[in-house]
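Geometric and topological summary
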Amino acid sequence: LGVPAPELFDAIARESVQRIGSLNGQDLSNIVWAYATLGVRAPQLFDAIARESTQRIGSFNGQDLANTSWAFATLGIPAPQLFDAIARES
């Protein structure tokens, strides 16, 4: 899929990183799922979400865990601590 508005995705990524502490598990997983579905790479966003998700993995439901792991795997983004946390939580 082509992304017709890369500036929009850059802006969403920046804003999401700034607000990361106020996002819940579903928010975090939905963001990475959307980027992965469109094939949009946003390294700083994914790094921030990996860190935040690892810390709060206990609040993720099954769908959040699945979407998050799928998004990172689909884009080939290494996040070993996140994947370890997901494995422990599953």
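All of the points below concern the structure found in this document.

1. Describing the environment of Asn 30
Within the secondary structure, Asn 30 is located in helix 2 (residues 25–38). Of the residues examined, Asn 30 reaches a relative accessible area of 35% and is grouped as partly exposed. Expressed as a C-alpha distance, the spacing of Asn 30 and Ala 48, which sit 18 residues apart in the sequence, is 14 Å.

2. A closer look at the nonpolar core
Judged by nonpolar contacts, the single largest core of 27 residues is most densely connected at Tyr 35, Leu 45, Phe 46, Ile 49, Ile 57, Phe 72 and Leu 82. Elements with a minimum of two residues in this core: helix 1 (6–18), helix 2, helix 3 (43–55), helix 4 (62–75) and helix 5 (80–89). Apart from residues no more than four positions distant in its own chain, Phe 46 is found in contact with Val 32, Tyr 35, Val 40, Ala 71, Phe 72, Leu 75 and Ile 77.

3. With respect to the packing of aromatic side chains
The final tally for this structure, using the stated rule, is three aromatic pairs. Between Phe 9 and Tyr 35 the ring centres are 5.3 Å apart and the planes differ by 90°, which places this aromatic pair in the edge-to-face class. Remark: Tyr 35 occurs in helix 2 and Phe 9 occurs in helix 1; sequence separation between them is 26 residues. Ring geometry for Phe 46 and Phe 72: centres 5.0 Å apart, planes at 70°, overall edge-to-face. Of this pair, Phe 46 sits in helix 3 while Phe 72 sits in helix 4, placing them 26 residues apart in sequence.

4. Some details on the side chain of Thr 68
Topologically, Thr 68 is positioned in helix 4. Engagement of the side chain of Thr 68 in a polar contact is seen with the backbone oxygen of Asp 64, the distance being 2.7 Å. Setting aside chain neighbours within four positions, we find Thr 68 in contact with Ser 29, Val 32, Phe 60, Leu 82 and Ile 86.

What counts as what
- Residues numbered from 1 in each chain as written.
- Predicted model: local features only at pLDDT ≥ 70, side-chain atom pairs only at ≥ 80, totals over all residues.
- Heavy atoms only, no water.
- Helix = DSSP H or I, 4+ residues; strand = E, 2+ residues; numbered from the N terminus.
- Buried < 20%, exposed > 50% of the residue type's maximum accessible area, 1.4 Å probe, protein only.
- Core = buried A, V, L, I, M, F, W, Y, C linked by side-chain atoms within 4.5 Å.
- Contact = heavy atoms within 4.5 Å.
- Phe/Tyr/Trp six-rings, centres within 6.5 Å; stacked < 30°, edge-to-face > 60°.
- Polar contact = N/O pair within 3.5 Å; in protein donor to acceptor, adjacent residues only side chain to side chain.

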